[in-house]
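Structural overview
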Amino acid sequence: MHRECKINVHEDNDLATIEVLGDLTASAEKAIGTAYQKACGYNAKNILLKFDGKSRINSAGIAIVINMVIESQEKGCKVFIAGVSKHFRKIFELVGLTKYTTIVDSEEEVRKL
Amino acid sequence: MTATNKEVIELFVPSRLDFEQVAVDAAASLARLMGFSDDRVEDLMTAVGEACINAIEHGNQENSNVKVLVELIADDSKLQVDVHDQGKGIPRNIQKPDIDAKIARKQSPRGWGLFLIQSLMDEVEFDWNPETGGVTRMVIHLKQ
């Protein structure tokens, strides 16, 4: 069905990165939630949600990102998004998530900001 | 493929989440055969997925005894996708999603499905009939 979502979390120099391999749909919610809590545990200033370039997102996935943005704002963290397809970016722009997240080309780009 | 005449494909999809992907993949395959661009195929995939999820979750209440009927209707100029369920149609008083309100916790973070369908398709119609149930009708045109 959807591509199974595999998630890795790591932290380096105030940037907690959640790597998402697969689609961001309702079935990924629990895994993403667990990964996000782990990322928050690093107390990093920035959170990067890094996709694999092929990931798709649906309405449930949008809700997952919104919840992440809300929690991050409350913690004073910024949310960055990387590795998204042209269509993924279009969906983010349509719903207005580009107002609350920053889409970047790479992890390195976040470090330079 | 050149669909010189109207061609109709019917799929009966179980009312279980994730099975919407079967309809998504079928719609994408047909759209590619018809010559739609990759961008339009992506739009279609998202819209069909959302319509099917609505039909499974809200229309058929995830009742495994009831199927979602997906009709793919192709002709020379357009692809129409009708997603039928046995629910009561789309409520008229549905709140328009607002990202600012959602971030401020004034709206549920969910509720983007209809917005995505309407934003990505060329024509959208929601209909309901007491005998046949609800239908989401989506059209994309080849030359737009």
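As shown above, the structure is provided for reference.
Below is a summary of the structure that appears in this document. The model shown is predicted, which means the values in this text are computed figures rather than measured ones.

Considerations on the overall build of chain A
Helix and strand counts for chain A stand at 4 helices and 5 strands. Beginning at the N terminus, the succession of helices and strands in chain A can be written as β-β-α-β-α-β-α-β-α. A globule of 113 residues ought to have a C-alpha radius of gyration of about 13 Å, and chain A, at 13 Å, matches this closely. Each principal axis of the C-alpha atoms in chain A carries an extent, and together these give about 35 × 25 × 25 Å. Counting over 113 residues, chain A shows a buried share of 41%. Taking the intrachain contacts of chain A between residues at least 6 apart in sequence as the baseline, contacts between residues at least 24 apart amount to 69%.

Regarding the interface of chain A and chain B
Across the boundary between the two partners, chain A contributes 21 residues, which contact 17 residues of chain B. When residues of the side of chain A that touches chain B are traced back to their parent elements, those giving at least two are α2 (59-75) and α3 (86-95) of chain A. Per-element accounting of the side of chain A that touches chain B gives the leading share, 8 residues, to α2 of chain A. Residue composition of the side of chain A that touches chain B, by class: 13 nonpolar, 7 polar and 1 charged.

Some thoughts on the sheet that holds strand β4 (residues 123-129) of chain B
Residue and element names in this part refer to chain B. Reading across the sheet, the 5 strands line up as β1-β2-β3-β5-β4 and stay open at both edges, with antiparallel pairing between neighbours. The sheet is open, and its two borders are formed by β1 (7-14) and β4, each paired with just one other strand. Between one strand and the next, the sheet's axes are offset by a mean angle of 15°, whatever the strand orientation. Against the sheet, helix α1 (residues 20-34) engages β1, β2 (67-74) and β3 (78-85), with an angle of about 165° to β1. Contacting β1, β2, β3 and β5 (133-141), helix α2 (residues 38-59) crosses the sheet at an angle of about 180° to β5.

With respect to the pairing of strand β4 (residues 78-82) of chain A
Residues and elements named next belong to chain A. By the criterion of burial, β4 is predominantly enclosed, with 4 of the 5 residues buried. The sheet contact formed by strand β3 (residues 46-51) and β4 spans 5 bridges and is parallel. In the strand pairing of β4, Leu49 is matched with Ile81. In this fold, β3 hands off to α2, which returns the chain to β4; that crossover is right-handed. Since β4 and strand β5 (residues 102-104) lie parallel, the crossover through α3 that links them has a hand, and here it is right-handed.

Some remarks on the environment of Ser27 of chain A
Relative to the helices and strands, Ser27 of chain A resides in the loop between β2 (15-21) and α1 (29-41). The sequence separation of Ser27 of chain A and Val104 of chain A amounts to 77 residues, and the corresponding C-alpha distance is 25 Å.

Thoughts on unusual backbone geometry
Negative phi is the rule for most residues except glycine; trans is the rule for most peptide bonds. If you check the backbone angles, Asp14 of chain A has positive phi at about 70° while not being a glycine. Structurally, the position occupied by Asp14 of chain A is in the loop between β1 (6-12) and β2. The residue Arg105 of chain B is not glycine, and still its phi comes out positive at about 65°. Take Arg105 of chain B: it is sitting in the loop between α3 (99-103) and α4 (113-120).

Some thoughts on the nonpolar core
Core analysis: the largest hydrophobic core is formed by 68 residues, its most contacted members being Ala27, Ala47, Val48 and Cys52 of chain B. For Cys52 of chain B, the residues in contact, after removing those within four places along its chain, are Val13, Glu20, Ala23, Val68, Val70 and Val83 of chain B.

Description of α4 of chain B
In an α-helix, one full turn covers 3.6 residues, which means residues spaced three or four apart are oriented alike. Those residues of α4 of chain B not exposed but buried are Gly113, Leu116, Ile117 and Leu120 of chain B. Buried residues of α4 of chain B, viewed axially, fall in a sector of 100°; they line one side. Where α4 of chain B is buried, its residues meet α2 of chain A together with α2, β4 and β5 of chain B.

Quick look at the packing of α1 of chain B against α2 of chain B
All names here are of chain B. Packing of α1 against α2 brings their axes to within 9 Å, and their N-to-C directions diverge by 150°. Overall, the two elements α1 and α2 adopt an arrangement that is roughly antiparallel. At the point where α1 passes α2, the crossing takes the right-handed sense. Contacts from Glu20, Ala23, Val24, Ala27, Ala28, Ala31 and Arg32 in α1 reach Arg40, Val41, Leu44, Met45, Val48, Gly49, Cys52, Ile53 and Ile56 in α2.

How each quantity is defined
Residues numbered from 1 in each chain as written. Chains lettered and ligands numbered in written order. Predicted model: local features only at pLDDT ≥ 70, side-chain atom pairs only at ≥ 80, totals over all residues. Helix = DSSP H or I, 4+ residues; strand = E, 2+ residues; numbered from the N terminus. Rg over C-alpha atoms; globule rule 2.2 N^0.38 Å. Buried ≥ 20, exposed ≤ 12 C-beta atoms within 10 Å, placed from the backbone. Contact = placed C-beta atoms within 7 Å. Nonpolar A, V, L, I, M, F, W, Y, C, P; charged D, E, K, R; others polar. Pairing = 2+ DSSP bridges. Axes fitted to C-alpha atoms, helices over the stretch in contact; angles between N-to-C directions. Right-handed = clockwise from strand over helix to strand, strands pointing away. Core = buried A, V, L, I, M, F, W, Y, C linked by C-beta atoms within 7 Å. Arc of directions from axis to C-beta. Parallel < 35°, antiparallel > 145°, perpendicular 65-115°, else oblique. Left-handed = near helix turned anticlockwise from the far one by under 90°.

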